[in-house]
Amino acid sequence: MPIDHVQIVSIPVSDQDRARDFYVNALDWELVSDNDSGDRRWVEVAPKHGQTAFTLVTWFETMPAGSLRGIVLDTDDIEKTFEELSERGIIFDGPIEEGPFSRVTSFSDPDGNTFVLHQLYQPRTRVLSYPPAGS
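Here the residue index of a chain counts from 1 through its sequence in written order. Whole-chain, interface and lining totals are the exception, using all residues; otherwise, since this is a predicted model, local features are given only for residues with pLDDT of at least 70 and side-chain atom pairs are given and counted only at 80 or more. Only hydrogens and water are set aside when side-chain values are computed; all heavy atoms of the structure are taken into account.

### As for the packing of aromatic side chains
Centres within 6.5 Å are what make two rings of Phe, Tyr or Trp a pair, Trp counting through its six-membered ring; a difference in plane orientation under 30 degrees is then read as stacked, over 60 as edge-to-face, and the rest as tilted. Applying the stated criterion across every chain yields a total of nine aromatic pairs. Ring centres 5.1 Å apart and planes at 90° place the aromatic pair Phe 22 and Tyr 23 in the edge-to-face group.

### A few points about the environment of Gly 70
Here Gly 70 is to be found in the loop between strand S4 (53–57) and strand S5 (71–74). The rule is simple: take the accessible area with a 1.4 Å probe, protein chains only, and divide by the maximum for that residue type; under 20% is buried, over 50% is exposed, in between is partly exposed. Given the relative accessible area of 48%, Gly 70 is considered partly exposed. With 36 residues separating them along the chain, Gly 70 and Ser 106 place their C-alpha atoms 9.2 Å apart. The numbering of helices and of strands both runs from the N terminus, where a helix is a DSSP run of H or I of at least 4 residues and a strand a run of E of at least 2.

### Details of the sheet that holds strand S3 (residues 41–46)
At least two DSSP bridges between two strands are required for those strands to pair. The strand order across the open sheet formed by four strands is S1-S4-S3-S2, and the pairing between neighbours is mixed. Of all strands in the sheet, those bounded by a partner on one side alone are strand S1 (8–12) and strand S2 (30–36). Neighbour to neighbour, the strand axes of the sheet diverge by 25° on average, direction disregarded. Relative to S4, S3 is paired through two bridges, and the arrangement is antiparallel. Paired with Val 45 across the two strands is Phe 54, which belongs to S4. Most of the contacts of helix H1 (residues 16–26) go to S3, to which it runs at about 15°, and overall it touches S1, S2, S3 and S4. Helix axes use the C-alpha atoms of the stretch in contact, all axes being lines fitted to C-alpha atoms, and the angles between their N-to-C directions lie in the range 0 to 180 degrees. By the convention used here, residues are in contact when the closest approach between their heavy atoms is within 4.5 Å.

### Describing unusual backbone geometry
Positive phi is not limited to glycine here, since Asp 28 has a value of about 65°. Following the sequence through the fold, Asp 28 ends up in the loop between H1 and S2. Taking relative accessible area as the criterion, Asp 28 reaches 33% and is therefore assigned partly exposed. Unlike most non-glycine residues, His 49 shows phi in positive territory, near 70°. Looking at where His 49 falls in the secondary structure, it is placed in the loop between S3 and S4.

### Considerations on the UniProt feature "domain: VOC" (unreviewed entry) in the chain
UniProt positions are given in the numbering used here, feature names are shortened, and annotations may be inferred rather than shown by experiment. As recorded in UniProt, the sites labelled "domain: VOC" (unreviewed entry) are residues 2–120. As a span, residues 2–120 carries 18% helix and 36% strand, and end to end its C-alpha atoms are 27 Å apart.

### Thoughts on the environment of Asp 15
Tracing the sequence through the fold places Asp 15 in the loop between S1 and H1. Separated by 50 residues in the primary sequence, Asp 15 and Ala 65 place their C-alpha atoms 8.8 Å from one another. Of note is the side chain of Asp 15, whose polar atom sits 2.9 Å from the backbone nitrogen of Arg 18. As used in this structure description, the phrase polar contact means that two N or O atoms lie within 3.5 Å; if the pair is within protein, one of them must be able to donate a hydrogen and the other to accept it, and residues adjacent in sequence are counted only when both atoms belong to side chains.

Written out as structure tokens, the structure reads:
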């Protein structure tokens, strides 16, 4: 039974309304779901045309608000994305930097969860099998 893709990633937040507004308005993501099941509110957002959704969670004791690091968000035009997000109030941690495989910068949500925005220099090639043939 192969795993096809990452379905949902949990983002720990302190205020689901504030977080929802940030992801929907500042990042221009879609609101997939906002349901209150009684004991737990399920708020799910996703990048438009993306395959992975994100839940804005308050109920994981081992995931305090602001503890998420290293989620990499891909763009085909980092300058344009940087400019558009800056106009929507996103404050970047620094300018766009040249890395070994991509151009990168980072920003945080209102709780301090940190994301990396990157643009690859060349399209990624997929490894079709592991270990490599002949090993």
